[in-house]
Each structure stands twice: as structure tokens, then as C-alpha cells.
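# Analysis of the macromolecular model
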Amino acid sequence: MEINPTTTGERAFATVVLLVAFIISSLFVSSMTNLMVADSSLRSSQTRLTSQMLQFMADRNISSTLVGRAKKFLDHRITSPVLLANQVTMLKALPRNMREDIYEEMYSKTLFLHKLFLDLSHISPAVLRDLSHEALAEVAEVPESCVFSTGDACTKMFFVASGKFRYLEGIRSIGLPSKRLSDGTRSLSPKASNPNPQKEQQVARQQQQEAQAQAQKRTKLWSNSRTAFGEPNVVIGKGHWLSEAVLYTTWFNVGELTAMSYSLLVTLKADDFVKVVSAYPTAHHIAAEYAVAFVEELNTMVKSNNQPNDLMLPGQIAHKWAWELASA
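Residues numbered from 1 in each chain as written. Predicted model: local features only at pLDDT ≥ 70, side-chain atom pairs only at ≥ 80, totals over all residues. Heavy atoms only, no water.

### Some remarks on the packing of helix H5 (residues 125–134) against helix H8 (residues 270–278)
Where H5 meets H8, the axes come as close as 10 Å, and the angle between the chain directions of the two elements is 150 degrees. In this structure, H5 meets H8 at a crossing whose hand is right-handed. Where H5 abuts H8, its residues Val 127, Asp 130, Leu 131 and Glu 134 lie against Asp 272, Phe 273, Val 276 and Val 277. Among the residues forming the contact of H5 with H8, the class breakdown is 5 nonpolar, no polar and 3 charged. (Axes fitted to C-alpha atoms, helices over the stretch in contact; angles between N-to-C directions. Helix = DSSP H or I, 4+ residues; strand = E, 2+ residues; numbered from the N terminus. Left-handed = near helix turned anticlockwise from the far one by under 90°. Contact = heavy atoms within 4.5 Å. Nonpolar A, V, L, I, M, F, W, Y, C, P; charged D, E, K, R; others polar.)

### Here we look at the pairing of strand S4 (residues 165–169)
Counting buried residues in S4 gives 4 out of 5 residues, a clear majority hidden from the surface. Across 4 bridges, the pairing between S4 and strand S5 (residues 233–236) is antiparallel. Looking across to S5, one finds that Leu 168 is bridged to Asn 233. Relative to strand S7 (residues 255–259), S4 is paired through 5 bridges, and the arrangement is antiparallel. Across the sheet, residue Glu 169 finds its bridge partner in S7, namely Gly 255. (Buried < 20%, exposed > 50% of the residue type's maximum accessible area, 1.4 Å probe, protein only. Pairing = 2+ DSSP bridges.)

### Considerations on the sheet that holds strand S6 (residues 241–242)
Strand order in the open sheet formed by 4 strands is S1-S8-S3-S6, with antiparallel pairing between adjacent strands. Single-partner strands in this sheet number two, and they are strand S1 (136–141) and S6. Direction of pairing for S1 relative to strand S8 (residues 263–269): antiparallel, over a ladder of 6 bridges. Each residue of the ladder has a partner; that of Ala 140, found in S8, is Leu 264. Contacting S1, strand S3 (156–162) and S8, helix H3 (residues 96–111) crosses the sheet at an angle of about 75 degrees to S1.

### So, the pairing of S7
The buried fraction of S7 amounts to 4 of the 5 residues, a majority that puts the element mostly inside the structure. Of the strand pairs in this sheet, strand S2 (residues 146–148) and S7 are connected by 2 bridges, and their pairing is antiparallel. Its bridge partner being in S7, Cys 146 is matched across the sheet by Thr 258.

### Side note on the packing of aromatic side chains
As enumerated under the stated definition, the model contains 7 aromatic pairs in all. Here the aromatic rings of Tyr 248 and Phe 294 are separated by 5.0 Å at their centres, their planes lie at 55 degrees, and the arrangement is tilted. Separated by 46 residues along the polypeptide, Tyr 248 in the loop between S6 and S7 and Phe 294 in helix H9 (residues 281–303) bring together distant segments of the chain. By relative accessible area, Tyr 248 is classed as buried at 0%. Owing to a relative accessible area of 1%, Phe 294 belongs among the buried residues under this scheme. Three or more aromatic residues joined by ring pairs form one cluster here, namely Phe 117, Phe 159 and Phe 273. (Phe/Tyr/Trp six-rings, centres within 6.5 Å; stacked < 30°, edge-to-face > 60°.)

Here is the structure:
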């Protein structure tokens, strides 16, 4: 039985329903079309930029092996599922204090796995907030991308937030600073107590050159090296950190870190860490004492012919020291 509107009101209602349905369907089709056009435009732009880079490398006679690596990296980068905070445009529309709350909560889940940062947050909660805003950053890595190599001058500490990495230890060809980092001013910066900064820079450059020369031979020597876990080849994931020593002394990477999957790293710049922590006397005191204990442990390892590396975790002495001071 067919039902049709008979009254004026029913006809008006049916007309309005059809009109609304037509408008909604038109908007849906229009939005889908816009998305398809935007996707096509994005792909076209990415293809153009990739072609431009390949043309540049061809003009500069870059080897085909390196060109292939670069192209593979870009392909991975385009399809990476990892979304960084600086890619979220609407975050910038939020008030500054709200953004800082978001960053603090976001980074705390990673940093609090390290006891020193957990202790510092208990002593001075503002430390983590300032670190989150001024010293911490996210870095997305794609499969087979190299984060650092043996002999690189290190400037930041790395925390693995997600994904898997392979750490392959090289041969350490540079000396480890034997001096304590903290003088009467409790400064965390090794340069602050150095009477001859130019000489230190010259020594650092010489050490880096020696390390880079050895790095070229590391492929043949890896089989004779061992990491802190007793193996030359270690797979690490969420909850691990690397190159902590750079926060307390001059440090050169002694291994190679390579991503095995789409991954997310949180980096902490050493200079910014010192700057932020130094603004809070109590936290500065705790961090300085921890730095002294950490470097003393590094030197103990060297004296016992147990060379430290980027994965080296501080022993119970350093952790206990920081905890006792925090509880005092």
C-alpha cells in the first residue's frame, strides 16, 4: 500500500525532509571530493619534491647506493604512522599554560622511568614543566634510519618512547674525562670549572677525529666488543635510554643506534638540562651530587677495563645517592 502526503502540512514536511537529505548528501559528496583532491595534491607535491631531490643527487654524482637509501627513507617517512606534537596545528591554538600541561603529562610517562627525574619532580615539580617546554623534544624515526654512529659528538640524551632499535657497539678510541664535574658551586657544566676552554675544545676535536677514524674500522671490530649487557648487538625498546653521560660530562657516542621499526624518541638537550636545573637550587644540588656519583662510576669502570657505552646504566650507588638526598 503506497502512502502519500495528503494535507498541506504533510506535503511541506516531506519537502523539507527531502531538501535536508539532499543538502546533507551534497555536503558529504563535497567533503569526500575535497579530501580526494587534497590527498592527490599532497601526493603530487611529495612526488615533485622527491623527484627534485633525486635530480639534485644525480647532478652531484651521488652514488646509487646512497640515492637508494635516501629514497627508501623518504618512502618510509611519507607513510610513517607516528604523529609528532609539532605536526598538530591546533596545539598552537591552545593557551600556553594548557600546552605546557599537555607536554608535561606527555613527557612524564617517559622520563619517570628514570629515577633521577622522578626524584627531581618530587623535589621541584616545576623542573619537569620547564624541561618539557624548553629541553625535551620528540623525534620520529623510520625503519633502518641511523640515529647516531660511533665517534659522533653527543649533545643530547635519548629516551625510547615507542618502537624498537638496534644498538651495535663500536670501539671506544677516546679518553674518558677523569675529573669530577661538580665543584663548590655545584655546576653541572664541565666547561664551567675548566680554566682553559680553548685547550679543551682542541682536545675534544682531536678526540673526535681519532674516534671517527676508528669508526671506519668498526665493522671489522664489532665482533670483539661487548655492550653493558654482554652482547655486541642489543635490541632495545620502550623504557630504555641512551647517552645519559652527556648530561654530566663530555661524551662521544661509542656505538651505532638504528631504528628497526617506526619509532618515537624523546630527546633531552644537555645544555638546556643544565640551564633549567640550575634555576632550582635544591634540584640543582641533587642533580650535581648525582652527576658526581655517575662520573665516578664511569671512571671506576675504566680503571677496571670495563669500558662504558651509550647503554651504560648507572649502578645502585648513584641511584641510592640521589634517593637519599631527595629524602633528606
